[in-house]
Structures are given as structure tokens and as C-alpha cells.
Amino acid sequence: MKLYSAKQIYKADQISIKKEEIGSNELMERAALQLFNWMHLRMQGAPVKIHLFCGIGNNGGDGIALARHLVDHGYNLEVYVINYSEKRSKDFLINLDRLKDRKIWPHFMNSDDELPAIGREDIIVDGIFGIGLNRTPDDWVIKVIQHLNNSQAFILSIDIPSGLFTDQGPENFDAIIKSNYVLSFQTPKLVFFLPETGGFIEQWEVLDIGLDPEYLMQTETEYELIGKNEVLTLYKPREKFGHKGTYGHSLIVGGSYGKIGSVCLSSKAALCAGSGLVTSYVPRIGYTILQTALPEIMVLTDLEEKELTEIKFDIEPSVVGIGMGMGTSDVSIKAFASFLEQNKFPLVIDADALNILSKKKELLKELPEKTILTPHPKELERLIGSWKDDFEKLKKVKEFSKKYNCIVVVKGAHTIVVYNDKGYVNTTGNPGMATAGTGDVLTGVITGLLAQGYPALDASIFGVYLHGRSGDIAVESTGFQSLTASNVIDNLANAYLDLFKLPEQPVTEEENQSNQ
Ligand SMILES: NC(=O)C1=CN([C@@H]2O[C@H](COP(=O)(O)OP(=O)(O)OC[C@H]3O[C@@H](n4cnc5c(N)ncnc54)[C@H](OP(=O)(O)O)[C@@H]3O)[C@@H](O)[C@H]2O)[C@@H](O)CC1
Ligand SMILES: Nc1ncnc2c1ncn2[C@@H]1O[C@H](COP(=O)(O)OP(=O)(O)O)[C@@H](O)[C@H]1O
Ligand SMILES: [K+]
């Protein structure tokens, strides 16, 4: 699913109005009806108190139009207009008049007005600011927003939590509504998925207001949201006459005294992702451990007992996944540097190998094209330097990707795979995965996919999705706290099977009767 920018949404808006020969207030009416239907389906006329807070732009207009439908259906409603500007939008005014025709007078709130009492069992609808926010709200509006956040009532936001910019980082985190549910028009917004701002959205859903499909389809976006539909097109089925050679040979290089487990995890993950063969390359101390833990895997060892001192092998792997548990001692740095200088195989680079690249940036030019780097936030910071907000971070990652022609997997709750100017935002995974070794598993999965012939970008996007989906299936039986990296590997099989499971279909009346 494409993630459109505010500018693109406004454009879609204009094109739809022109093509369909409708007024902009008709589009607002569609939005309001969708909002109303969503609420009405769930509330079924319940007499819960609804506090509807509107701004004076089109987000507020949506709110005022929604108010009319709620009143027409007998809901228990209080409407407030936050008067933060004199410039009321045309469609806001049209809808305000329609509401007044029904003898409903909103409370117009200015900077000195007392804030209304809100019960924790009430519902707040937030239509203060939408995608038109272009500066931090005034202090008194921030106080209103804080008042709503502190009320503990359920907050339903129209389009986007008020106070959140659509395409830039926040300047003041106190100025943002903490939404329990966001009903977003036509497209979710990128900020819903970024670490700094994602916490302001508990759940979201898209409401289709019928913006011009042709424009939406033809328009390229900087970011795409990756779910099952997107990865299904990447999946490569196995061939009847395929053999283990067809599915490639992964070489996993890493480990040091006390950190051989990381190589076990990556190696097993590569195997379970479908790599035909897997060899692990470790210091000698790892030999017995790997041979005992993973009988399917071949093992090569360094001459040194406890750390890697030379990365040399006489096999021809399809891909090398390198760095987990490797350490950054002087000898291992040297080993990695001379490996890179001679290497001709595709690479997936993780953990200490990333830290070495950060220390010795001159090595970056040795990376083969489309090398995949999988940094967690700290590793990323070492690699590209610090950032002021998530948008600057992504900008820097894109520059880095272009400069070194590499793919950067920015790990997090919503991992973003970045290549050149484009970002792919993952939707699978859960907080149970914030546990030791899940990153090693990801490196193994991506390496295993590359070995099978997936192009590097596809392997990264699909690998991140599968890894998260395995974690989601695993957590159903482990719970968040007890999920381990091994559980993620054990469920890779289920994640693959899940790709082809159809969503549960609603049971029809006849089927229901014939089952009785
Ligand atoms: N195509 C779609 O998806 C459809 C979208 N629709 C809805 O429209 C919403 C966007 O509406 P919008 O453009 O009128 O902007 P909105 O967010 O209501 O802000 C209002 C105005 O406030 C101002 N302003 C900004 N920051 C400020 C600040 N800090 N403090 C004070 N003032 C500030 C700024 O004006 P300025 O003062 O800069 O001239 C801005 O224009 C969208 O989210 C959706 O709900 C639907 O109706 C149907 C179709
Ligand atoms: N809250 C979360 N939601 C979803 N995925 C998460 C969350 N926290 C961590 N993960 C995933 O778990 C993995 C952790 O990787 P990393 O920090 O490198 O762990 P390690 O170094 O222990 O292997 C990443 O793939 C990350 O996306
Ligand atoms: K809003």
C-alpha cells in the first residue's frame, strides 16, 4: 500500500473534484458519512457522551459534518470549536450553517475559556487539526490538547491525531493528541509508523473516500507499506525438479568466545528460510557447539580458538552473512578488512561487522553493489551519525544508500528497508521481539533468501516481513515476555504457510443453518 504525502493527498483531492465534477463539500460529506457509519456500526445508538472537538479548517469541517449525522441519529453530543484562527474554511462554514439549521450551537472556545469536564467513560472525537497543520499550535491550544489527553476518555481522531505533522517531525510532543483510534482518509500516513510519532496512534484504519483511483495508481510515493499482499508478489515457489544446489549456499561468518549462539541462530534461520546449504565459519571454539546444535549445517573454523583472525575459505557460497557475535578486536577488524578487500560474493552485514564499518569508513567502498546492511538504531547512528528527528534520519539513510549503492534495513518496531530514494515500511512484528538474538535471526533469514536467488531488495523486504510474521505467530503461544529468538526461527515454517492462508470468510446464513 502506498503512503501518500500531504501534498499528494491535496492533489488527489483537487483531481477528484475536477474529474467527478463535484464540490469540495461533497468530498467532505463523503468523509463525514464514512466517519458516521464507522461510529454508528459500533455504537448502535448508545447514549454515551460524545465530545466533538473541531478546528476551523477542513478537518474541523469533517467534524462539524459528522456532528450533523450524529445529531440526526439521536446521539448524546457536545460540539466545541477551537477558534485558533479567523480563517475558517469554506466547507467548514457550509457545514456550520447546516448544523445551526438543526438548532445545534457549538461552544466556541478561545484562549481564555474554561476547559470542559470530560468523564473517563466519555468519547472524544478529535477534529482539531488534520494534514493542514503547518506550525506548532499556540500554547492555549496545546493546553486543550493536554486536557483531552489527560481525560482518559477514548479518543477517536479524524484523519490524523491533531498536532502531528504529516511529513515532518514534531517540534513539541506535548502538542499532539494521543489517539486510541485514527480513521485516516484514503491512506495511512508515514508518521503512524515512525518511532518518535507512532506512539501517538494506538490503532488506525483507512476510510476510502473515493479519491481518483487513476491518480492514486499512477503516483509514485516515497514510502510503501508492506503487508501480505505486497510480499506475495515477491514469493518464489519451489520447482518440482529443484535440488539443494538450486536453492543456494549460505555462508554465515561470525562468533567469538561466549557468542557462538548468535551464529547458531543466523545459520539455523538461513536454513529454515530455505537456503539449500548452510556453512558456518567460526573461531575453533564454535566447532563442537555448531556441529552438536545444528546437524544440517557444515562448519569451517578459523585457526584461532576464541576469535576470528582470518576469513578464508575454499567454498563458493551464493551469499555471505557476516558480523553476528564477531567482536571488534584489532585482529578481527583486520580479518574483516582483508576479507572485504578480496570478497566477490554478495553480502549481508550485521552487528559487529557494521560497527567495524563505522570505525573504518574507508571499507565502505569495498562493499559489492546492493550489499544489505541491517543496523539497529545504535548501529545506524554509528554508521550515519546522529539525527534531529525520524525524517532527518531517513533522509540521511537515503543519502547513504545512494552513496554506497547499498540497501539499509533500518530495524525497529516498523522496520524500514531503504534503497536509494524509496522506503518500504514493514507491518509485521511485535514488542516480544525486543529480545536477544532476533536480529541474528533476521540476518539469517535475509541471507537464506538471497541464497535462493531472491534479488537483494526483495530478499530484504520479504525477509523482514517473514521474520516479523514468525514473531507474530510465535507470540500467540509464548506471550510477549517469554518470546525468544529461537521461537521466531521455529515459526518461520508457519509464516511461510500463512502466506497462502485465505482470510476467514464470514459464514453465510445458509451455511450456518446447514451446520446446525
Ligand atoms: N482529500 C482529502 O483527504 C480530504 C480531506 N479532508 C479533510 O481536510 C483536512 C485538511 O484540512 P485543511 O487543509 O483545511 O487543514 P486543517 O488540518 O484542518 O488545518 C486548518 C488550517 O489551520 C491553519 N493552521 C495550521 N497549523 C496551525 C497552527 N499550528 N495554528 C493555527 N492554525 C494553523 C492552516 O491555515 P493557515 O493559517 O496556515 O492559512 C490550515 O489550513 C484533512 O486532514 C481531512 O480531515 C476532507 O474534508 C475530505 C477530503
Ligand atoms: N517493538 C518491536 N516490534 C517489532 N519488532 C521489533 C520490536 N523490537 C525489536 N524488533 C525486531 O527485533 C529485531 C531486533 O534486532 P537487534 O536489535 O539487532 O537484536 P539482536 O542484536 O539481539 O539480535 C529487529 O528485527 C527488530 O525489528
Ligand atoms: K484530527
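Residues numbered from 1 in each chain as written. Chains lettered and ligands numbered in written order. Predicted model: local features only at pLDDT ≥ 70, side-chain atom pairs only at ≥ 80, totals over all residues.

1. Quick word on the site of ligand 1
Right, so step 1: Lining the immediate environment of ligand 1, one finds 31 residues, of which Asp13, Gly57, Asn58, Gly130 and Gly132 sit closest.
Right, so step 2: At the level of secondary structure, the elements contributing two or more residues to the shell around ligand 1 comprise helix 1 (6-20), helix 2 (24-43) and helix 3 (58-72).
Right, so step 3: In terms of residues, the shell around ligand 1 owes the most to one element, helix 3, which gives five residues.
Right, so step 4: For the shell around ligand 1, a count of residues per class yields 13 nonpolar, 13 polar and five charged. (Near = placed C-beta within 6 Å. Helix = DSSP H or I, 4+ residues; strand = E, 2+ residues; numbered from the N terminus. Nonpolar A, V, L, I, M, F, W, Y, C, P; charged D, E, K, R; others polar.)

2. A closer look at the site of ligand 2
Right, so step 1: Neighbouring residues of ligand 2: 16 residues in total, closest His376, Ala413, Gly429, Ala434 and Gly439.
Right, so step 2: A per-class count over the shell around ligand 2 returns six nonpolar, eight polar and two charged.

3. A few points about the UniProt feature "binding site: K(+)" (unreviewed entry) in the protein
Right, so step 1: Under the feature "binding site: K(+)" (unreviewed entry), the UniProt entry names Asn59, Asp126 and Ser162. Across 104 residues, the annotated set stays spatially compact, with a maximum C-alpha separation of 9.2 Å.
Right, so step 2: Turning to its location among the elements, Asn59 is positioned in helix 3.
Right, so step 3: Other than its neighbours up to four places away in sequence, Asn59 contacts Gly127, Ile128, Phe129, Gly130, Gly132, Ile158 and Asp159.
Right, so step 4: Mapped onto the fold, Ser162 is located in the loop between strand 6 (154-158) and strand 7 (179-185).
Right, so step 5: Among all residues touching Ser162, those that are not within four sequence positions of it are Asp126, Ile128, Phe129, Ile145, Ser157 and Ile177. (UniProt positions renumbered as here; feature names shortened; annotations may be inferred. Contact = placed C-beta atoms within 7 Å.)

4. Some remarks on the nonpolar core
Right, so step 1: By size, the foremost hydrophobic cluster in this structure holds 141 residues, and its most contacted members are Phe53, Cys54, Ile82, Val125, Ala353, Val417 and Leu450.
Right, so step 2: Per-domain counts for this core show at least three residues from each of domain 1 (2-219) and domain 2 (231-499).
Right, so step 3: Other than its neighbours up to four places away in sequence, Val417 contacts Ile407, Val409, Tyr424, Ser460, Ile461 and Val464. (Core = buried A, V, L, I, M, F, W, Y, C linked by C-beta atoms within 7 Å. Buried ≥ 20, exposed ≤ 12 C-beta atoms within 10 Å, placed from the backbone. Domains from an automatic or database assignment.)

5. What about the sheet that holds strand 10 (residues 249-253)?
Right, so step 1: On the basis of which strands lie adjacent, the open sheet formed by eleven strands has the order 1-9-18-17-16-15-14-13-10-11-12 and mixed pairing. Across the chains shown, the open sheet's two edge strands, defined by having one partner strand only, are strand 1 (2-3) and strand 12 (298-301).
Right, so step 2: As paired elements, strand 10 and strand 11 (residues 277-282) share five bridges and run parallel to each other. Following the sheet pairing, Val253 is matched in strand 11 by Tyr281.
Right, so step 3: Of the strands in this sheet, strand 10, strand 11 and strand 13 (319-322) are in contact with helix 8 (residues 260-273), which crosses strand 11 at around 165°.
Right, so step 4: The strands touched by helix 15 (residues 456-482) are strand 9 (223-226), strand 15 (372-373), strand 16 (407-410), strand 17 (416-419) and strand 18 (422-426); relative to strand 16, the strand with the most contacts, the crossing angle is about 15°. (Pairing = 2+ DSSP bridges. Axes fitted to C-alpha atoms, helices over the stretch in contact; angles between N-to-C directions.)

6. A look at the sheet that holds strand 6
Right, so step 1: Strand order in the open sheet formed by seven strands is 4-3-2-5-6-7-8, and the pairing between neighbours is parallel. Either end of the sheet is taken by a strand with one partner, and the two such strands are strand 4 (107-109) and strand 8 (201-207). Across the sheet, the axes of successive neighbouring strands diverge by a mean angle of 20°, strand direction being ignored.
Right, so step 2: The pairing of strand 3 (residues 77-82) with strand 4 spans three bridges and is classified as parallel. Bridging from a neighbouring strand, Ile82 pairs with Met109 of strand 4.

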